[in-house]
Each structure stands twice: as structure tokens, then as C-alpha cells.
Amino acid sequence: MSDSTPVVLKRNAVGIITDVDEGIVDMLGWTPEELIGLPSTKLLHPEDQAAGIAMWMEMITEPGATGVWRGRYRAADGSWQWVETFNENLLDGPEEVVRTSMRRVTVEQVGVEEQLRARTQLLSRLSDALPVGLVQIDASRSITFTNDRLHAIVGAPAAATIDALLSGVVDDDKPFLDAAVDAVLAEQPVDDIELRLQAPIDRVCLLSLRALTDGNGNVNGAIGCISDVTDRVQLRRELEVRASVDPLTSCLNRAATLELLGMTLRRHDGTPPGTAAVFIDLDRFKLVNDAFGHGAGDRLLVAVAERLRVALRDVDQVGRLGGDEFLVICPGVESPAQALEIGDRLARVLCDKVDVGAAIVAFEASVGVAWTVDIVDADALIAQADDAMYASKRSATCRATLFAGAGS
């Protein structure tokens, strides 16, 4: 048989071979009797089955429709032969079959097909080997490709659109995702957008996108990389905490305290509510250190920090300025009187006894309060609270003292 002579094969609506002419012997080595009754998918190469089935499903939906497909058929000797098929839907005709004309593909065509197949396989295998997830979308945000790693990272199965795939992104981050997709479809590169996922797993991902264009340079989609940066973000947060927290008391350290107070004060506009700064100095702390050792002094500082946290409002923050000095930042305080109430409450919880290991010691604290509704320098407000603290120390009453100018 000449390569140009087609072999005619007939199949029913479910792809079962019902008839095939004798030319199949020269083309693939099978006899017609060996093939009749078999599903045609039995002859297709595993890598070509998806494309062959897709063409078949599209073609049989409409009577008279045709479809051309090229792929590898199994020969009787176990080898694979490249074949081009022309398929015609005659299911509404007398025979109720799909008629297929099969021809061998020329050597030149086989070379092109093999190159395309090898390239497609290379890209597919490479994408699955990458440590990042890949997603390709079209201009309507519909997904056209994902790799296995992507689904492992986001913990979600295949989805029709990128929005459905990343539906687990926390609500606060969804506007960033929408803006990133809109930007890349407007041909703007998108780099390192951090997205937090809560469903079905808690994870932080990094998204980068690049536009894809057609032959005329028009954007027709985008490809994106998604990487799992959960561990990196967790480490960053831990380092940030270490950099801002006093390791002994777990209060804010001096630098973080001053920065937070400055940020709070910069939000003021001259009207209530204002901010109160409560300066706390432990009385006779040096005596505890001298009498029972620095370990006992450390236990006292830890106990003080714990009692302050229990007595504070949820919005308040306590920082350790150094040694036995603490500063409490209280935002949203309506008046100097309310600020003084907060200071008195803190003074009372610090007028007590505490077990420092070597002994149970009585301790007190001098507490000074400053309050403002104006944008002032953090050091200036601390100086006012410090001045009030010394007035409290002189009174020795376990009561807080309000800075004399706090009502201004």
C-alpha cells in the first residue's frame, strides 16, 4: 500500500471499532478481525490520548462535523507509528458511524511532530520539577495550565479561574490579588505580591506575574509563579519580635517603645481622645538586688511586667526602658482624669509583695502620668511623665501623680 492510500476505519458513538479495511495490515500490521470490537483508545499512545479524546468529544457533538488529528498508533509489533486521521461524524446517517480516513505521516512531518512532542514534554516535566507553582491564565482570568507543585502549595484542586483557585486568600489580601491580575493583563509586570492563605491551609505565598501576548502584541493572558514563603515569613516575624521585645520581661524594648509612642502621638489632631504616658520606677529595686542577688531582681522585674499586663486595657502597651523603669503607652484616653485613673490602677497592683525565690519581698512603684491631645515629641511627653513620677516618689502614697500641665 502507498503512504498516500488512506485506510478507512469506522467507529460507533462510543469509539468502538466496527469496521476497518484490509489496508490496516500494511499500515500497522493488524488484521481487521483483531481490531473490530476494540475501543480505538487501546491503539493510542498514552501521551496522545488526551488530545485524541478531546478532538473526538468535540467532533461527535454535532452531526456532519469533522476533525483532523495527528498522533501515534500502536502497531502489531509493539512500535508506534505516526498517523494523521480525518474524522467525519456520520452518526445521523444510515450506518450511524464516525468514518475515519487514516494516512501515515511523512518522515518530515514526523520530525516536526516529534520536535513539538519533545518540546511539550520537556516543558511539562520541567514545570513539574520546579520548586514553585506555575499558573497560566487567559485574558478572562480562566486557567489554561497549572503544574502539580501549584496545587500542593495552595492546597486546592484544579479550578476554572485564578480567583476560584485562590479563593482561600484572606479577605484583606484579595484586593491585592485582584489588582495584580488586572495589572498584568494591562501588560504591567507584577513582582513578589505576598498573599496569606487560610483555607484549606494556613500559608503565606509570593506571587509574580508576567503578561503573554499574541502575534500582534496584544495581551491574551499571563503566566504566574507562586512560591511558599511561610517559613521565611515566620522567621522574619520572629526576628522582628526579637528586635522589639525585651528578652527578660517580654515587654517592648526601649527602641520599640519610643517608636510606638512617636507613631501614636503623630495621629493626634488637637482634640480628644488623647494619649497617656505612664512612667513607672520601682522603689528600692537596688536593695533587692544587693540583698538577694540579680536573679531575685530579675524575678521581681518579670512579676512587675506580668502584673502590669493584667491591669492594662487591651489597647495599651507596656515597654521596659531599662533597669527598673517601665513606660506604659495608653492611646484613646479621653481626659487627664481618665489617664490618672489608669495610673492609679497600675500603682495599686505594684504596691504588693512578690516571691523572688530567696525571699518574699514587699515592693512599691512610683508612677507618673502625662496626657496630651497634641502632636508632641515622644521625648517631651516622657519627660513630663518622668517629672510626675518623681512627684509620686516624694509623696510615697502608692498613688499615681499627674503632670501638672497635663490638662493643657
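Everything in this summary refers to the structure shown in the same document. (Residues numbered from 1 in each chain as written. Predicted model: local features only at pLDDT ≥ 70, side-chain atom pairs only at ≥ 80, totals over all residues. Heavy atoms only, no water.)

Our focus in this paragraph is the overall build of the chain. Regarding its fold elements, the chain presents 13 helices and 17 strands. Taking 22 Å as the expected radius of gyration for a compact globule of 408 residues, we find that the chain reaches 38 Å, considerably beyond that expectation. Structurally, the chain occupies a C-alpha span of about 115 × 50 × 35 Å along its principal axes. The buried share of the chain, taken over its 408 residues, is 40%. Excluding contacts between residues fewer than 6 apart, the proportion of contacts in the chain whose partners are at least 24 apart in sequence is 54%. Looking at the chain as shown, the accessible area adds up to about 21000 Å², and 53% of this sits on carbon and sulfur atoms. Each charge sign in the chain was given a centre, from 38 positive and 62 negative side chains, and these centres are 7 Å apart. (Helix = DSSP H or I, 4+ residues; strand = E, 2+ residues; numbered from the N terminus. Rg over C-alpha atoms; globule rule 2.2 N^0.38 Å. Buried < 20%, exposed > 50% of the residue type's maximum accessible area, 1.4 Å probe, protein only. Contact = heavy atoms within 4.5 Å. Areas by Shrake-Rupley, 256 points an atom, 1.4 Å probe, with all protein chains shown as cover. Lys, Arg positive; Asp, Glu negative; His and termini not counted. Charge placed at Lys NZ, Arg CZ, Asp CG, Glu CD.)

This model, assessed by the stated rule, comprises 1 disulfide. Through a disulfide, Cys351 is tied to Cys398; the S-S separation comes to 2.2 Å. Residues Cys351 and Cys398 share a disulfide whose torsion about the S-S bond is about 65 degrees; that sign makes it right-handed. Note that Cys351 is positioned in the loop between α12 (336-349) and β14 (352-355) and Cys398 in the loop between α13 (378-395) and β17 (400-402), a separation of 47 residues in sequence. Residue class for Cys351 comes out partly exposed when judged on its relative accessible area of 32%. The closest cysteine sulfur to the non-disulfide-bonded Cys251 is located on Cys330, 13 Å from its own sulfur. (Disulfide = S-S within 2.5 Å.)

Right, let's talk about α12 for a bit. With 14 residues, α12 ought to run about 20 Å at 1.5 Å a step, and its terminal C-alpha atoms sit 20 Å apart, in line with that. Burial in α12 covers these residues: Pro336, Ala339, Ile342, Gly343, Asp344, Leu346 and Ala347. Of the surrounding secondary structure, the elements contacted by the buried residues of α12 are β11 (274-282), α11 (294-311), β13 (325-333), β16 (365-372) and β17. (Expected span 1.5 Å × (residues − 1).)

The subject of this paragraph is the sheet that holds β16. Taking strand neighbours across the sheet as the criterion, the 5 strands line up as β12-β13-β11-β16-β17 in an open arrangement whose pairing is mixed. Bordering the open sheet on either side are β12 (317-322) and β17, each of which pairs with just one other strand. If you compare each strand with its neighbour and ignore which way they point, the axes differ by 25 degrees on average. Alignment of β16 against β17, held across 3 bridges, turns out to be parallel. In the sheet register, Gly368 faces β17, and the bridge partner there is Thr401. Against the sheet, α13 contacts β11, β13, β16 and β17, and its axis sits at roughly 140 degrees relative to β16. (Pairing = 2+ DSSP bridges. Axes fitted to C-alpha atoms, helices over the stretch in contact; angles between N-to-C directions.)

Once that is clear, we can look at the nonpolar core. Grouped together as the largest cluster of nonpolar side chains are 37 residues, with contacts concentrated most on Ile280, Leu300, Phe326 and Leu346. Taken together, the elements giving at least two residues each to this core come down to β11, α10 (285-292), α11, β13, α12, β15 (360-363) and β16. Considering every element that reaches this core, the biggest residue donor is α11, with 8 residues. If we skip the residues at most four places from it in the chain, Leu346 touches Val278, Ile280, Leu308, Ala311, Leu312 and Val328. Membership of the second largest hydrophobic core comes to 24 residues, among which are Ile137, Leu166, Leu209 and Ile226. (Core = buried A, V, L, I, M, F, W, Y, C linked by side-chain atoms within 4.5 Å.)

What follows deals with the sheet that holds strand β10 (residues 219-228). Sheets are built from strands paired through backbone hydrogen bonds, the pairs being either parallel or antiparallel. With respect to topology, 5 strands assemble into an open sheet ordered β7-β6-β10-β9-β8, the strand pairing being antiparallel. Unpaired on one side and paired on the other, β7 (143-146) and β8 (190-197) mark the two borders of the sheet. On average, each strand axis in the sheet is inclined to that of its neighbour by 25 degrees, with strand direction left out of account. One ladder, built from 9 bridges, connects strand β9 (residues 203-213) with β10; its direction is antiparallel. Within the sheet, the bridge partner assigned to Thr213 lies in β10 and is Val219. The strands that helix α7 (residues 174-185) touches are β6 (133-138), β8, β9 and β10; relative to β8, the one it contacts most, it runs at about 155 degrees. The strands that helix α8 (residues 230-244) touches are β8, β9 and β10; relative to β9, the one it contacts most, it runs at about 125 degrees.

Backbone geometry follows two general trends: most residues other than glycine have a negative phi, and most peptide bonds adopt the trans configuration. With an omega dihedral of 0 degrees, the bond running from Pro272 to Pro273 counts as a cis peptide bond. Mapped onto the secondary structure, Pro273 falls in the loop between α9 (254-265) and β11. A positive phi is found at Asp192, a non-glycine position, where the angle reads about 55 degrees. Structurally, Asp192 can be placed in strand β8. Positive phi is not limited to glycine here, since Arg284 has a value of about 60 degrees. Tracing the chain through its elements places Arg284 in the loop between β11 and α10.

So, on to the pairing of β9. Bridge count between β8 and β9: 6 bridges; the pairing is antiparallel. Bridge pairing links Val190 to Leu209 in β9. Taking the residues between adjacent antiparallel strands as the criterion, β8 and β9 are bridged by 5 residues.

This part covers the side chain of Ser40. Note that Ser40 resides in the loop between α2 (32-35) and α3 (49-60). Since its relative accessible area comes to 8%, Ser40 is described here as buried. Those residues in contact with Ser40 that sit more than four places away from it in its chain are Arg11, Gly15 and Ile17.

Let us now look at the environment of Asp48. Positionally, Asp48 belongs in the loop between α2 and α3. The exposure class of Asp48 is buried, given its relative accessible area of 10%. Expressed as a C-alpha distance, the spacing of Asp48 and Ala183, which sit 135 residues apart in the sequence, is 36 Å. Contacts of Asp48, omitting those with residues within four sequence positions, involve Trp69, Gly71 and Arg72. One polar contact links Asp48 to Arg72, side chain to side chain, over a distance of 2.9 Å. (Polar contact = N/O pair within 3.5 Å; in protein donor to acceptor, adjacent residues only side chain to side chain.)

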